[in-house]
Amino acid sequence: MKKILYVAAECMPFAATGGLGDVIGSLPAALKGIYGKAADIRVALPLYRAVDTSFREVLSKEAAFTVRLSWRNQSCSVWSLRREGILYYFIDNGYYFDRQDIYGYPDDGERFAFFSMAVLDMLEHVDFWPDILHAHDWQGALAVLYRFLLYGRRAEYDGIKTIFTIHNIEYQGRFSLPMLEDVFALSPIHTDLLGWKEEINLMQGAMILADQITTVSPTYAAEILTPAFGHGLDQILREHTAKLSGILNGIDYVYYDPADSAVSLSYTKETIYRKRENKLALQNSLGLPTSENVPLFSVISRLVGHKGCDLLCAAARRLLAEQDAQLIILGTGEAQYEACFRELEKSFPEKMRALILYDRDLSKKIYAASDFFIMPSISEPCGLSQMIACRYGAIPIVRETGGLADSIKNFQTENGRIQGCGLVFQNDHADALYEKIAEALDIYRNTTLYRQMAIQSMEQDFSWNASAGIYAALYQRLCSPQKG
Ligand code: GLC
């Protein structure tokens with residue numbers, strides 16, 4: 001029996017702010033699909049205020065204990081819920097997690113230190129000893145660190161292999177040096193392990209100690225070895241390439257399904273023409289002129305620099321000024337980009353909507369309505385939106401980087417057959433994006449060609465089918481005595 005514990009700050013459908021939540025919400029189930037009864041798969045996450053009452057009502061209490069974090073003693077309850085064969089543990093402490101948002105507090109370091117320590121303490125209380133502890137992003141980094149630095153001398157903990165997955169190397173968990181002892185409860189002898197430019201860096205420590213490091217696409221795994229993408233951690237990663245690999249994420253094909261009722265009129269690739277009803281419904285609900293013939297572009301993204309918002313602002317302005325097209329942007333982020341898109345909506349009220357919010361239900365309606373989906377990221381560890389766009393038959397226009405390069409190949413015709421599933425450009429310049437947008441408009445004018453390409457996008461398999469097996473092989477290698 002293989003025992004796996006995922007440790008992460010987000011997990012769909014309980015609490016999520018982005019792609020991490022999608023992955024933790026679907027990867028464990030994909031592995032369960034492979035192992036069946038031969039695996040006991042569990043997930044640990046904080047019990048945030050955001051966790052819906054419909055879930056809270058069915059939680060069972062597993063344990064209650066005190067967690068020591070340096071001089072602090074904090075109470076902790078652990079609740080659980082079983083869903084589709086996976087056991088979810090919710091780490092409960094009202095002071096840390098009963099707050100409006102999931103992140104963004106001055107004491108985030110302390111909050112996730114508590115979470116990580118509580119997860120390791122919990123193992124003893126629930127008597128679950130995983131073969132593999134698979135921790136994600138900086139919020140899970142301390143679970144790896146504590147496994148080695150505080151709990152490693154105990155036999156049950158010593159048997160646990162660890163995997164640390166980087167979903168985005170830009171967010172590293174950097175804190176001031178005094179926090180090492182005072183908050184993270186680690187001894188000054190570990191200053192070198194975590195020390196980074198007069199700070200401590202939780203991601204660095206987890207990378208060094210974890211048995212394996214993975215990231216979310218093969219191209220990103222290569223990119224983060226370079227200074228341009230490594231955000232200061234490339235040197236450390238180069239020293240650990242032997243245990244680094246990139247595994248492309250999949251998406252949840254049940255949650256993202258154009259054939260379900262989350263869209264205005266459900267469809268499949270055989271009934272792709274029904275997308276136009278979705279377009280009309282969305283235009284109508286957003287107060288845009290209703291027309292099935294005007295090409296509809298969309299962007300669903302955090303509005304931050306590395307998502308290519310500078311390129312987008314410039315190219316969008318040109319698109320709206322020069323072409324008969326519509327553009328919908330959904331997302332929140334940095335003030336300057338929110339302002340830019342709001343201003344564009346003001347200047348082009350008949351063509352553009354800037355929806356500055358995070359709304360998963362609305363996002364599905366937008367994917368279903370769109371003819372093209374724009375994702376001009378400067379860097380992109382994996383990216384799920386381009387895959388979701390394909391699933392909904394919205395042709396992705398992407399920059400060739402990270403997981404975008406691994407998932408979307410540029411359309412081309414070979415022996416009369418269309419290959420690829422999107423439009424791909426290289427330069428991180430607004431003109432390069434605009435050129436692809438212009439190409440998209442040409443394609444759109446040729447209805448038959450456009451339809452063929454949209455169907456081709458829908459035919460891609462971005463489910464976990466391919467990648468779950470790669471994780472299973474990695475788990476296998478880690479657990480086998482020779483360690484492959
Ligand atoms: C982060 C990355 C994104 C990736 C997601 C899930 O949000 O920025 O590229 O798809 O994690 O791994």
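Residues numbered from 1 in each chain as written. Predicted model: local features only at pLDDT ≥ 70, side-chain atom pairs only at ≥ 80, totals over all residues. Heavy atoms only, no water.

S.K.: Now, about the packing of aromatic side chains: what can you tell me, with residues and values included?
M.R.: Any aromatic ring pair is given by two values, namely how distant the centres are and how the planes are angled relative to each other. A full pass over the atoms with the stated rule returns 25 aromatic pairs. Relative to Tyr256, the ring of Tyr255 lies with its centre 4.7 Å away and its plane at 80°, an arrangement referred to as edge-to-face. Through a chain of ring-to-ring contacts, three or more aromatic side chains come together here, namely Tyr48, Tyr95, Tyr96, Phe97, Tyr103, Phe112, Phe114, Phe115, Trp138, Phe175 and Phe184. Taking NZ or CZ as reference, Arg42 lies 3.9 Å from the ring centre of Phe128, over its face. We note Arg99 situated over the ring of Tyr95; from NZ or CZ to the ring centre the distance is 5.6 Å. (Phe/Tyr/Trp six-rings, centres within 6.5 Å; stacked < 30°, edge-to-face > 60°. Lys NZ or Arg CZ within 6 Å of the ring centre and 35° of its normal.)

S.K.: Tell me about the side chain of Arg99, and please be specific about residues and values.
M.R.: With respect to the helices and strands, Arg99 occurs in the loop between helix 3 (94-97) and helix 4 (108-126). You can call Arg99 buried: its relative accessible area is 13%. At a separation of 3.4 Å, a polar atom in the side chain of Arg99 contacts the main-chain carbonyl oxygen of Tyr96. Residues within four places of Arg99 in sequence aside, it is in contact with Arg49, Tyr105, Asp107 and Arg111. (Helix = DSSP H or I, 4+ residues; strand = E, 2+ residues; numbered from the N terminus. Buried < 20%, exposed > 50% of the residue type's maximum accessible area, 1.4 Å probe, protein only. Polar contact = N/O pair within 3.5 Å; in protein donor to acceptor, adjacent residues only side chain to side chain. Contact = heavy atoms within 4.5 Å.)

S.K.: A description of the sheet that holds strand 11 (residues 212-215) should follow, citing residues and the corresponding values.
M.R.: The strand order across the open sheet formed by nine strands is 3-4-5-2-1-6-7-11-12, and the pairing between neighbours is mixed. In the strand order of this sheet, the two ends are held by strand 3 (60-69) and strand 12 (244-246), each with one partner. Averaged over all adjacent pairs, the angle separating strand axes in this sheet is 25°, with direction ignored. Bridge analysis of strand 3 against strand 4 (residues 72-83) gives nine bridges, and the strand direction is antiparallel. Following the sheet pairing, Lys61 is matched in strand 4 by Trp79. In this fold helix 9 (residues 202-209) packs onto strand 7 (161-166) and strand 11, with an angle of close to 135° to the strand it touches most, strand 7. (Pairing = 2+ DSSP bridges. Axes fitted to C-alpha atoms, helices over the stretch in contact; angles between N-to-C directions.)

Honestly, it's all geometry; don't read function into it.
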